[in-house]
Amino acid sequence: MKTVIKTCEKCLEEFSAELADLTDYAKRAKNGKLTESQSRDILKHFEETHELALHVITQYFKQIGKGPFSGSRDLTVEAFHADLIDDGKAWLDIVIDRIQYNPIYDIDTQENFLENIQKRYIRLLQRFEETMSKKLNE
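Residues numbered from 1 in each chain as written. Predicted model: local features only at pLDDT ≥ 70, side-chain atom pairs only at ≥ 80, totals over all residues. Heavy atoms only, no water.

J.: So what exactly am I meant to see when it comes to the pattern of salt bridges here?
T.: Close approach of charged atoms allows side chains with opposite charge to pair. Under the criterion given, the structure shown has eight salt bridges. Measuring nitrogen to oxygen at the nearest pair gives 2.6 Å for the salt bridge that ties Arg 127 to Asp 86. A residue pair is termed long-range when its members are at least 10 positions apart, and Arg 127 in helix α5 (residues 110-136) and Asp 86 in the loop between α3 (72-81) and α4 (88-101) qualify at 41 residues. Members of the salt-bridge network, linked through shared partners, are Glu 47, Glu 51 and Arg 98. (Salt bridge = Lys/Arg side-chain N within 4 Å of Asp/Glu carboxyl O. Helix = DSSP H or I, 4+ residues; strand = E, 2+ residues; numbered from the N terminus.)

Right under this line is the structure:
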């Protein structure tokens with residue numbers, strides 16, 4: 001069982017490092033309109049950060065004997081019920097935004113997605129980091 005805890009902690013470390021990178025990119029881009037390169041960097045780091053958050057949640061649930069889950073939506077709902085995340089609707093909005101941003105759809109959602117990342121989602125991820133750090137140190 002100790003190895004699973006280490007795995008979950010390692011996932012959280014990777015998530016925290018990626019979140020720090022995302023936060024740095026978002027701060028640098030805060031002054032005015034984003035360049036195409038800045039937009040790509042923020043989107044790339046956000047998607048990686050969100051994937052790592054989902055991986056942390058998955059590892060945590062494995063640690064306590066829950067799962068498996070069929071996808072990010074189900075995992076997000078279960079994380080909300082387990083008090084790992086504090087705003088289930090906003091986390092589901094992340095999942096929806098990521099699906100809509102997918103280039104196979106003919107909807108231009110990049111500007112809205114970038115705004116949500118900077119104004120809403122980074123804070124959600126930061127609160128998740130705090131919550132998971134506390135849970136793993138209990």
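J.: It is not clear to me how the packing of helix α2 (residues 36-63) against α5 should be interpreted in this structure. Could you clarify?
T.: For any two helices packed against each other, the geometry is given by the interaxial angle and the distance between the axes. Here α2 crosses α5 at 30°, and the two axes come no closer than 10 Å. Considering the angle they form, α2 stands roughly parallel to α5. In this structure, α2 meets α5 at a crossing whose hand is left-handed. Facing α2, whose interface residues are Ser 39, Ile 42, Leu 43, Phe 46, Glu 47, Thr 49, Ala 53, Val 56, Ile 57, Tyr 60 and Gln 63, α5 presents Gln 110, Phe 113, Leu 114, Ile 117, Gln 118, Tyr 121, Leu 125, Phe 128, Met 132, Lys 135 and Leu 136. Its residues assigned to classes, the contact of α2 with α5 shows 15 nonpolar, five polar and two charged. (Axes fitted to C-alpha atoms, helices over the stretch in contact; angles between N-to-C directions. Parallel < 35°, antiparallel > 145°, perpendicular 65-115°, else oblique. Left-handed = near helix turned anticlockwise from the far one by under 90°. Contact = heavy atoms within 4.5 Å. Nonpolar A, V, L, I, M, F, W, Y, C, P; charged D, E, K, R; others polar.)

J.: Sorry, what's going on with the packing of aromatic side chains here?
T.: Centre-to-centre distance and the angle between the planes together describe a pair of aromatic rings. Overall, the coordinates contain six aromatic pairs when judged by the stated rule. An angle of 25° between the planes, with centres 5.7 Å apart, marks the rings of Phe 46 and Tyr 121 as stacked. Linking Phe 46 in helix α2 with Tyr 121 in helix α5, this pair joins segments that are 75 residues apart in sequence. Its relative accessible area of 0% is what places Phe 46 among the buried residues. Ring geometry for Phe 61 against Phe 69: centres 5.3 Å apart, planes inclined by 55°, an arrangement best described as tilted. (Phe/Tyr/Trp six-rings, centres within 6.5 Å; stacked < 30°, edge-to-face > 60°. Buried < 20%, exposed > 50% of the residue type's maximum accessible area, 1.4 Å probe, protein only.)

Any functional reading would require information beyond the geometric quantities listed.
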